Amino acid sequence: MPAALAALALLLPLAGPEGPVDLSVRPGSTLAYTLVHKFHEVTGVSKAVEGKARLLPGGGVQVMVRARVDSFDSGNGNRDAHMLEATEAARFPFVTLKAVGALPPPAAYPATAEVTLQGELTFHGVTKPVALPVKVELAAPDRASATGKLTISLDGYGVERPSLLFVKVDDALVVTATLSLAAGL
Amino acid sequence: MRLATLLLVALAAPPALADEPAATPPAPGDASATAPAPPPAPDLTPRAPAAPLDFDLLPAEPAAAARPDPAFERLVARRRLMLKVHQGVGIATWASLAATAVVGQLQLDDRFRGGGDTGRYRTPHQVLVATSSTLFLSAGLLALLAPVPYEKRGGRLDTATLHKVSMGVATAGMLAQIVLGMAARRQAGSLRERDLATVHQGLGYATLGAFTVGAAVLFF
């Protein structure tokens, strides 16, 4: 009986009186990739990011963010078309991140927190576990911004690396997320 | 009995204690003993998340998206092959154009600038002109005829547009050079031949320059 009570006490913070808070990704948020080629570096940016972060009463956070692969713009139409071919965007049109982490509510706002999200990134039809360090700036209980950077392997996701003048880009692709979040959107 | 009790006590002792280093007092002047410990680096090892990921915060993706379309994929493969060959032919075209300009300069010097008008560079120049023109045309056709399965963003000034504009200038230069070269030969022996040949020479370098710019912009 005491053991059951102790277990119940451990579970209590997960069922807070206020319930979860959903923060939606707002316009102006970006996802960017950076590719390195022997001759130059390429950055493609997507401004068509959709996503949500669910703040759980127990201090946990669930995150789901995705963007259409064809929404990334590197400033060169030919190169973007080449990227769509390499990533088979017609078959796998989205890149999606689902992750969880611990983000206890701060004692006061504004506040800054560093969170390492553990989750899965689905890209090119392949889902792999990832760890994403994120810096979260909590402006208010219903408003936040987050930035994070993640390096993935193109080979690991089965993407045939694009090439220019018969030289392939490096295997590492750096994904940077800059998200603005707010409740009620 | 006493031995068994000792053994039980030893087994019951927390194992972590055995692994902890003995606490030693900090040495005098040891700054590290008083400095705050640096924050632990985040553990970036990808692992299965502690909590399940069976939540969906966004509407489901279109289900039909993952269906392969063989006809579409054939177009993509054809485009990739054609553009890969285009790059190879483009590199060969640049080398051939550079050689044509060099040999053309030698031909001009031989004929008009005290070279003795031996004519020894004429045939090599003509062969290089034919080679460059063929390669140039092939590279252009490979790019122009490649299918475009994925719609491209257009109507803006980017490096792909600069590449096309530069190659358009180079194409005009190639055509003008061929006409001028033939016109100069028709005026052989006259003062006009030299004038036409000089313009032809300038256009040759301009064409090579436009082609070089068109290739170089791809690195930005």
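You'll find the structure just up there.
For clarity, every value in this text was computed on a predicted model and none was experimentally measured.

Undergrad: Can you help me understand the overall build of chain B in this one?
TA: Across its full length, chain B carries seven helices and zero strands. Counting from the amino terminus, helix and strand elements in chain B follow one another as α-α-α-α-α-α-α. Counting only residues that meet the buried cut, chain B has 19% of its 220 residues in that class. For chain B, restricting intrachain contacts to residue pairs at least 6 apart in sequence, the fraction spanning at least 24 positions comes to 74%.

Undergrad: What am I meant to see in the overall build of chain A here?
TA: Within chain A, the secondary structure is distributed over two helices and 13 strands. Across the 185 residues that make up chain A, the buried fraction comes to 37%. Across chain A, contacts joining residues at least 24 apart in sequence account for 60% of those joining residues at least 6 apart.

Undergrad: I'm lost on the pairing of strand β2 (residues 30-36) of chain A in this one. Help?
TA: All names here are of chain A. Only one face of β2 is buried: it carries L31, Y33 and L35, and the other face, with T30, A32, T34 and V36, is open. Sheet analysis places β2 next to strand β13 (residues 172-183), joined by six bridges and oriented antiparallel. Note that in β13 the partner of A32 across the bridge is T176. When β2 meets strand β3 (residues 41-46), the two strands line up antiparallel, connected through six bridges. Bridge pairing in β3 places T34 opposite T43. The antiparallel pairing of β2 with β3 creates a hairpin that spans four residues between the two strands.

Undergrad: Explain the interface of chain A and chain B to me, please; I cannot follow it from the model alone.
TA: Accessible area lost upon the coming together of the parts serves often as the stated size of an interface. Counting residues at the interface gives 41 residues for chain A and 34 residues for chain B. Counting residues per element, the ones that place at least two in the side of chain A that touches chain B are β4 (49-55), β5 (60-68), α2 (77-86), β7 (94-102), β8 (111-123) and β9 (126-140) of chain A. Element by element, the count of residues in the side of chain A that touches chain B is highest for α2(A), at six residues. Tallied by class, residues from the side of chain A that touches chain B come to 18 nonpolar, 12 polar and 11 charged.

Undergrad: How should I be thinking about unusual backbone geometry in this particular structure?
TA: Residue and element names in this part refer to chain A. Of note, the amide linkage connecting Y109 to P110 takes the cis form, showing an omega dihedral of -5 degrees. Along the chain, P110 turns up in the loop between β7 and β8. The phi torsion at L165 lies on the positive side, around 50 degrees, for a residue other than glycine. Checked against the element boundaries, L165 lands in the loop between β11 (163-164) and β12 (167-168).

Undergrad: Would you mind showing me how to read the packing of helix α4 (residues 70-112) of chain B against helix α5 (residues 122-145) of chain B here?
TA: Each packed pair of helices is defined by two parameters, the angle between the axes and the distance between the axes. All names here are of chain B. Their axes nearest at 8 Å, the elements α4 and α5 cross at an angle of 155 degrees. It follows that α4 is roughly antiparallel to α5 by the angle criterion. Handedness of the α4/α5 crossing: left-handed. Here the residues of the contact of α4 with α5 sort into 15 nonpolar, 11 polar and one charged.

Undergrad: Explanation requested: the nonpolar core in the structure shown.
TA: Nonpolar side chains in soluble globular proteins tend to be buried together. Counting residues in hydrophobic clusters, the biggest one holds 47 residues, and the most contacted among them are A:V63, A:V65, A:L117, A:V136, A:V175 and A:L181. Setting aside residues no more than four positions away along its own chain, A:V65 makes contact with A:V25, A:V49, A:G51, A:L97 and A:A177. Core analysis: the next-biggest nonpolar cluster, separate from the first, contains 11 residues, B:L97, B:A139, B:M167 and B:A170 among them.

Undergrad: What is the right way to look at α5(B) in this model?
TA: Given 3.6 residues per helical turn, the α-helix brings residues three or four places apart onto the same face. All names here are of chain B. Relative to the 34 Å expected for 24 residues at 1.5 Å per residue, α5 spans 34 Å between its end C-alpha atoms, a close match to the ideal helical length. Burial in α5 covers these residues: H125, L128, V129, S132, F136 and A139. Each element contacted by the buried residues of α5 is listed here: α4 and α6 (159-186).

Undergrad: Mind showing me how you'd approach α2(A) here?
TA: The element α2(A) is extensively covered by neighbouring structure, given that nine of its 10 residues are classed as buried. Among the residues of α2(A), A:G77, A:N78, A:R79, A:D80, A:A81, A:H82, A:M83, A:L84 and A:E85 are the ones counted as buried. If you follow the buried residues of α2(A), they end up packed against β3 and β6 (72-73) of chain A together with α4 and α6 of chain B. A:E88 sits one or two residues past α2(A) and shows a positive phi near 50 degrees.

Undergrad: Even after reading the chapter, I still don't get the environment of A:D70, so can you show me in this structure?
TA: Residues and elements named next belong to chain A. Inspection of the secondary structure puts D70 in the loop between β5 and β6. What makes D70 buried here is the crowd of 20 C-beta atoms within 10 Å. Sequence separation of D70 and V45 is 25 residues, and the distance between their C-alpha atoms is 10 Å. Sequence-distant contacts of D70, defined by excluding residues within four places in its chain, comprise L84, A89 and P93.

Undergrad: Sorry if this is basic, but what is going on with the pairing of strand β10 (residues 143-153) of chain A here?
TA: If a strand is regular, its side chains alternate between the two faces of the sheet. Residue and element names in this part refer to chain A. Of the two faces of β10, the one lined by A144, A146, G148, L150 and I152 is fully buried and the one lined by R143, S145, T147, K149, T151 and S153 carries no buried residue. Of the strand pairs in this sheet, β9 and β10 are connected by six bridges, and their pairing is antiparallel. When the bridges of β10 are listed, E137 appears paired with S145. Hairpin connection of β9 to β10: two residues between the antiparallel strands. In the sheet, β10 pairs with β13 via 11 bridges, with the strands oriented antiparallel. When the bridges of β13 are listed, G148 appears paired with A177.

Undergrad: Where do I start with the environment of B:D117 in this structure?
TA: Residue and element names in this part refer to chain B. Considering the arrangement of structural elements, one finds D117 in the loop between α4 and α5. Assessed through the 10 C-beta atoms surrounding it within 10 Å, D117 is described here as exposed. Residues D117 and I91, 26 residues apart in the sequence, show an inter-C-alpha distance of 32 Å. Setting aside residues no more than four positions away along its own chain, D117 makes contact with D110 and R111.

Here is what the cut-offs are and how they apply
- Residues numbered from 1 in each chain as written.
- Chains lettered and ligands numbered in written order.
- Predicted model: local features only at pLDDT ≥ 70, side-chain atom pairs only at ≥ 80, totals over all residues.
- Helix = DSSP H or I, 4+ residues; strand = E, 2+ residues; numbered from the N terminus.
- Buried ≥ 20, exposed ≤ 12 C-beta atoms within 10 Å, placed from the backbone.
- Contact = placed C-beta atoms within 7 Å.
- Pairing = 2+ DSSP bridges.
- Nonpolar A, V, L, I, M, F, W, Y, C, P; charged D, E, K, R; others polar.
- Axes fitted to C-alpha atoms, helices over the stretch in contact; angles between N-to-C directions.
- Parallel < 35°, antiparallel > 145°, perpendicular 65-115°, else oblique.
- Left-handed = near helix turned anticlockwise from the far one by under 90°.
- Core = buried A, V, L, I, M, F, W, Y, C linked by C-beta atoms within 7 Å.
- Expected span 1.5 Å × (residues − 1).

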